[in-house]
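Given next are the chains, with one letter for each unit.
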Amino acid sequence: MSFKYRLLKAIDVAGLQILDPVVRLCYAEEPKVQLKRIGLFIVIPTITFVAFLGLWGYLAPKHTTKSGEVPTPSVVWDAAKGILRFHEREDAKTADFNLTGVRRETELAEVNARMAELEPAAREAAAAVTAAEQAAREKLAADVAPLSEAYREKRREFAAAAKARQAALLEQAATIAAGDADATTAFQRAYAEHEAKSAAEAEIIKKMRDEQKAAENARNPELAAARLASNRIEEELQFLRKRQALLTAENAPLRADELKAKLAADEAALLAATEPAQRLALAKSISTQRDSLAQLEAATYSRPWTLPDQIGRSLRCVFLGFLIASAIAIPLGLLCGLSPVVMAALTPLISLFKPVSPIVWLPIIFIIVGGFIPDPSSSGILDFFNAIPLLGGVGINPAFLASALTVALCSLWPTLVNTALGVAAVDKDHMNVAKVLRLGVWARLFKIIIPSALPLIFAGLRISLGVGWMVLIAAELLSSSEGIGKFVWDMFNNGSSQTFAQMFVVVFVVGVIGLALDRIMIVFQRLVSFDGAPTSL
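This structure is a prediction, so every number in the text was calculated from the model and none was measured. Here the residue numbers are simple positions, counted from 1 along each chain's written sequence. Residue-level local features of this predicted model are given only where pLDDT is at least 70; pairs of side-chain atoms are given and counted only at 80 or more, and the full residue set underlies all totals for whole chains, interfaces and linings. Calculated side-chain values reflect all of the structure's heavy atoms, with hydrogen atoms and water omitted.

Examining the overall build of the protein chain
No. 1: Helix numbering and strand numbering both begin at the N terminus, where a helix is a DSSP run of H or I of at least 4 residues and a strand a DSSP run of E of at least 2. Tallying secondary structure elements over the protein chain gives 18 helices and two strands in all.
No. 2: Radius of gyration (C-alpha) of the protein chain: 36 Å, far over the 24 Å computed for a compact globule of 537 residues.
No. 3: The C-alpha extent of the protein chain, read off along each of the three principal axes, is 115 × 95 × 65 Å.
No. 4: Each residue's exposure class comes from its accessible area (1.4 Å probe, protein chains only) as a fraction of the maximum for that residue type: buried when under 20%, exposed when over 50%, partly exposed otherwise. In the protein chain, which comprises 537 residues, the share counted as buried stands at 34%.
No. 5: Counting contacts in the protein chain only where the partners sit at least 6 residues apart, residues at least 24 apart contribute 72% of the total.
No. 6: Here the protein chain has roughly 31,500 Å² of accessible surface; of this, 66% comes from carbon and sulfur atoms.
No. 7: Positive charges come from Lys and Arg, negative ones from Asp and Glu, while His and the chain ends are left out of the count. Note on charges: their place is set at NZ of Lys, CZ of Arg, CG of Asp or CD of Glu. Across the protein chain, the 56 positively charged side chains and the 54 negatively charged ones have centroids separated by 7 Å. In this treatment the radius of gyration is a C-alpha quantity, and the globule benchmark scales as 2.2 Å times the residue count to the 0.38 power. Whether two residues are in contact is decided by their heavy atoms, any of which lying within 4.5 Å being enough. What sets the accessible areas is the Shrake-Rupley method with a 1.4 Å probe; for residues, cover comes only from the shown protein chains.

Shown next, in the form of structure tokens:
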């Protein structure tokens, strides 16, 4: 088979049929047809996505929330770069904590050189912010002063007009004789006109006040840019100062060397001491230093969770839940497909529990998990999960397990139903041949039933993984388990314009990861499919 057809086969298996016309065009196969397909499957979607970004960029600044304006695509992109930069800096600080020897000295020299370079820039940026703030105040005064004066003048004018109308109404009321219906009706009409004019004047005053507030709150791009530049320099300087501390006073190997030197000195002093009280004090000091040294040697840098870290934790959580769901759903699906009695018995339970929301399952599971793990610090269940290579280093806790079990309960149904359908749809001729060959139960199961049902089983697994990924974010958000959901909740509670933009970043991150997981399952599904049926759009 030529490379062209191997490549087309790989594209087909991966479910990336949009690349098929590109490959065929490279080999000059029906260029007009391939160009038409490229336009349909690549150019038009690209134009649509660009139009979506343009519409988003146009509409976003027009809507203001309590967290500021809705972020534009460029702001979201900057937020994504900021998230990645924060992660890289935490990685650098984690490495600095344990650096020794020449590498530590080299890194320290680079940090000091960069700080010397940034400090003048920081002073210049601070001066630029001061100048921009002064210019902004002057511009604000120039813009707001005429509006304020017009607002005050109009209020005085309307107040005088209202006072005059009230005086006229009092005079009119004084001239009305008791029982004069026509005069009373005219007075009521005059009073209604007074109220209408007062309402109209109040509306004008409100509009003028809104214009004044809008001018006061108007954005100043120059000031915003100056503050952003200054903040970025200050953030980098703060990062470098922390690195400097981790490479010197807070460096674990350096502190350990200092403790070892002091410990050796105290041990030598204890050996040479003659006074009982001095020996007791030295022995206490030596014991304390040994404990401190043991804690320091076991210590690790306490880094905050970054979004890449939380993505890794979320992926581990969803795969644990997915594996648990598959371990339950596939055997039950096989039983349902093989036995009408089991199918009839489980159908009511499937129909009852399948629509239940993860928001309902999570608190129930959390309570049950808490009952099995009353003390997370000494739980054999948690030790078992932490020993699994896929999960090692994540730090499994009850919230993580509750989220994974919620994912399992909400995602097992598509696999169960598809497995049962696949088993029930096995060709009867195959089963008759198995009877003729006198195959045993296990031979029938593993040589006929499961291979025939695999395409539908993997179709169910694909749907289950997608459902699990959607459920996971809500589960982590509600359970406060570290992960993408927890990141979104923390950003929501922060309530700043920067964290608002980071929430938009998460939207795209979740979508891209979900797409990647779906592509992976498509590959597996295509590998076990034998009918050539399409598995994706």
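Additional details are given in the paragraphs that follow.
Section: unusual backbone geometry
Leaving glycine aside, a negative phi is the common case for residues, and trans is the common case for peptide bonds.
No. 1: Residue Ala28 is not a glycine yet carries a positive backbone phi of 55°.
No. 2: Mapped onto the elements, Ala28 comes out in the loop between α2 (20-26) and α3 (31-59).
No. 3: You can call Ala28 exposed: its relative accessible area is 56%.
No. 4: Here the phi dihedral of Ser480 falls at roughly 60°; this positive angle occurs in a residue that is not glycine.
No. 5: With respect to the element layout, Ser480 can be found in the loop between α16 (441-479) and α17 (484-494).

Description of the confidence of the model for the protein chain
Detailed reading of the predicted coordinates is not advisable wherever pLDDT falls low.
No. 1: Mean pLDDT over the protein chain: 85, with 93% of residues reaching 70 or higher.
No. 2: pLDDT is a per-residue confidence score from the predictor, ranging from 0 to 100. Throughout residues 532-537 the model reports pLDDT below 50, and contacts reaching past four residues in sequence, or to other chains, amount to eleven contacts.

What about the packing of aromatic side chains?
No. 1: Only Phe, Tyr and Trp rings are paired, with Trp represented by its six-membered ring, and only when their centres lie within 6.5 Å; those with planes under 30 degrees apart are stacked, over 60 edge-to-face, the remainder tilted. Scanning the entire structure with this criterion turns up ten aromatic pairs.
No. 2: Each ring, one from Phe500 and one from Phe504, has its centre 5.4 Å from the other, and the planes form 75°; the classification is edge-to-face. Of this pair, Phe500 and Phe504 both sit in helix α18 (residues 497-528), separated by four residues, roughly a single helical turn.
No. 3: Look at Phe500 and you get buried, because its relative accessible area is 18%.

A word on the domain arrangement of the protein chain
No. 1: In terms of domain boundaries, the protein chain breaks down into domain 1 (3-62), domain 2 (103-233), domain 3 (251-298) and domain 4 (307-528).
No. 2: Where each domain starts and ends comes from a domain assignment, either automatic or drawn from a database. For domain 1 versus domain 3, the separation of C-alpha centres amounts to 69 Å.

Quick look at the environment of Ser292
No. 1: With respect to the helices, strands and loops of the structure, Ser292 is situated in helix α9 (residues 276-298).
No. 2: Residues Ser292 and Ile359 lie 67 residues apart in sequence; the distance between their C-alpha atoms is 45 Å.

Topic: α16
No. 1: The first and last C-alpha atoms of α16 sit only 44 Å apart over 39 residues, clearly below the 57 Å expected at 1.5 Å per residue.
No. 2: At Leu454, α16 shows its largest kink, close to 55°, and the proline Pro455 lies no more than four residues downstream.
No. 3: Backbone geometry just downstream of α16 places Ser480 in the positive-phi region, at approximately 60°. Any helix carries an expected span of 1.5 Å times its number of residues minus one. Bend angle per residue: angle between axes fitted to the 7 residues ending at that residue and the 7 residues starting there.

A look at the state of the cysteines
No. 1: Our working definition of a disulfide is a cysteine sulfur pair at a distance within 2.5 Å. One pass over the structure, following the stated rule, counts zero disulfides.
No. 2: Here Cys336 is not cross-linked by a disulfide; its sulfur's nearest cysteine counterpart is in Cys410, at 19 Å.
No. 3: When its relative accessible area of 3% is taken as the criterion, Cys336 is described as buried.
No. 4: As a non-bridged cysteine, Cys410 has Cys317 as the owner of its nearest cysteine sulfur, 12 Å distant.
No. 5: Using a relative accessible area of 10% as the deciding quantity, one classes Cys410 as buried.

Looking at a nonpolar patch on the surface
No. 1: For patch building, the residue pool is restricted to those with more than 30% relative accessible area and no salt bridge; the joining distance is 9 Å between like charges and 5 Å between nonpolar side chains (Val, Leu, Ile, Met, Phe, Trp, Tyr). The salt bridge criterion pairs a side-chain nitrogen of Lys or Arg with a carboxyl oxygen of Asp or Glu, the two atoms within 4 Å. A contiguous nonpolar patch, built from Leu16, Ile18, Leu19, Val22, Leu40, Phe41 and Ile44 and spanning about 560 Å² of accessible area, is present on the exposed surface.
No. 2: Topologically, Ile44 is positioned in helix α3.
No. 3: Relative accessible area serves as the criterion here: at 46%, Ile44 is assigned to the partly exposed category.

So, the nonpolar core
No. 1: We define the nonpolar core as a collection of buried residues of types Ala, Val, Leu, Ile, Met, Phe, Trp, Tyr and Cys that are connected through side-chain atoms lying within 4.5 Å of one another. Counting 54 residues, the largest nonpolar core has Trp469, Ile484 and Val506 as its most contacted members.
No. 2: Contributions of two or more residues to this core are made by α4 (73-96), α10 (307-338), α12 (358-372), α14 (398-424), α15 (428-436), α16, α17 and α18.
No. 3: Broken down by element, this core gets its largest block of residues, 14 residues, from α16.
No. 4: Discounting chain neighbours no more than four positions away, the residues touching Trp469 are Ser314, Leu315, Val318, Ile484, Val510, Ile513, Gly514 and Leu517.
No. 5: Met115, Leu118, Leu237 and Phe239 belong to the second-largest nonpolar core, a separate cluster that totals twelve residues.

Considering the side chain of Gln289
No. 1: Mapped onto the elements, Gln289 comes out in helix α9.
No. 2: With sequence-adjacent residues up to four places away left out, Gln289 is seen in contact with Leu259, Lys262, Leu263 and Asp266.

Notes on α3
No. 1: If you check α3, its first and last C-alpha atoms are 40 Å apart, about what 29 residues at 1.5 Å a residue would give, namely 42 Å.
No. 2: The axis of α3 is deflected most strongly, by about 40°, at Gly39.
No. 3: Within the sequence span of α3, burial applies to Gln34, Ile38 and Trp56.
No. 4: Those residues of α3 hidden inside the fold are in contact with α2, α4 and α18.

Some points on the pattern of salt bridges
Oppositely charged side chains can form a pair if their charged atoms are brought close together.
No. 1: Per the counting criterion, the structure on display carries 27 salt bridges.
No. 2: Note that Lys139 is salt-bridged to Asp143, the shortest N-O span being 2.9 Å. One end of the pair is Lys139 and the other is Asp143, both in helix α5 (residues 101-174) and four residues apart, which spans about a single turn.
No. 3: The salt bridge involving Lys206 is made with Asp210; its shortest N-O contact spans 3.2 Å. Here Asp210 and Lys206 lie together in helix α6 (residues 181-216), a separation of four residues that amounts to about one turn.
No. 4: On the accessibility criterion, Asp210 (35% relative accessible area) is partly exposed.
No. 5: Bridged by salt links that share partners, the residues Asp20, Arg24, Glu29 and Arg37 form one connected network.

Re the layout of surface pockets
Think of a ball as big as a water molecule: rolled over the atoms, this probe shows where empty space is left.
No. 1: Volume-wise, the second largest pocket comes out at about 350 Å³.
No. 2: Around the second largest pocket, the lining comprises 16 residues; the ones closest to its centre are Val76, Trp77, Ala80, Val505 and Val509.
No. 3: Secondary-structure elements contributing two or more residues to the lining of the second largest pocket are α3, α4, α10 and α18.
No. 4: Broken down by class, the residue content of the lining of the second largest pocket amounts to 15 nonpolar, no polar and one charged.
No. 5: Each of domain 1 (3-62) and domain 4 (307-528) gives at least three residues to the lining of the second largest pocket. Of the two site types, the cavity is a set of points on a 1 Å grid over the protein atoms alone where a 1.4 Å probe fits but cannot get out, and the pocket is an open set with protein on both sides within 12 Å along at least five of seven lines, each lined by residues with an atom within 4 Å of a point. Grid points are joined across faces, edges and corners, and a volume is the space filled by probe spheres set on the points. Lys, Arg, Asp and Glu make up the charged group, whereas Ala, Val, Leu, Ile, Met, Phe, Trp, Tyr, Cys and Pro make up the nonpolar group; the residues left over, Gly among them, are polar.

Details of the packing of α4 against α18
No. 1: In contact at an axis separation of 8 Å, α4 and α18 are set at 85° when each is read in the N-to-C sense. The orientation of α4 with respect to α18, classified from their angle, is roughly perpendicular. The segment α4 lies against α18, with Val75, Val76, Ala79, Ala80 and Ile83 engaging Ala501, Gln502, Phe504 and Val505.
No. 2: In terms of residue class, the contact of α4 with α18 is made up of eight nonpolar, one polar and no charged. Angular values range over 0 to 180 degrees, each being the angle between N-to-C directions of two axes fitted as lines to C-alpha atoms, with helices fitted over their stretch in contact. Comment on the angle field: the value is read as roughly parallel under 35 degrees, roughly antiparallel over 145, roughly perpendicular from 65 to 115, and oblique elsewhere.

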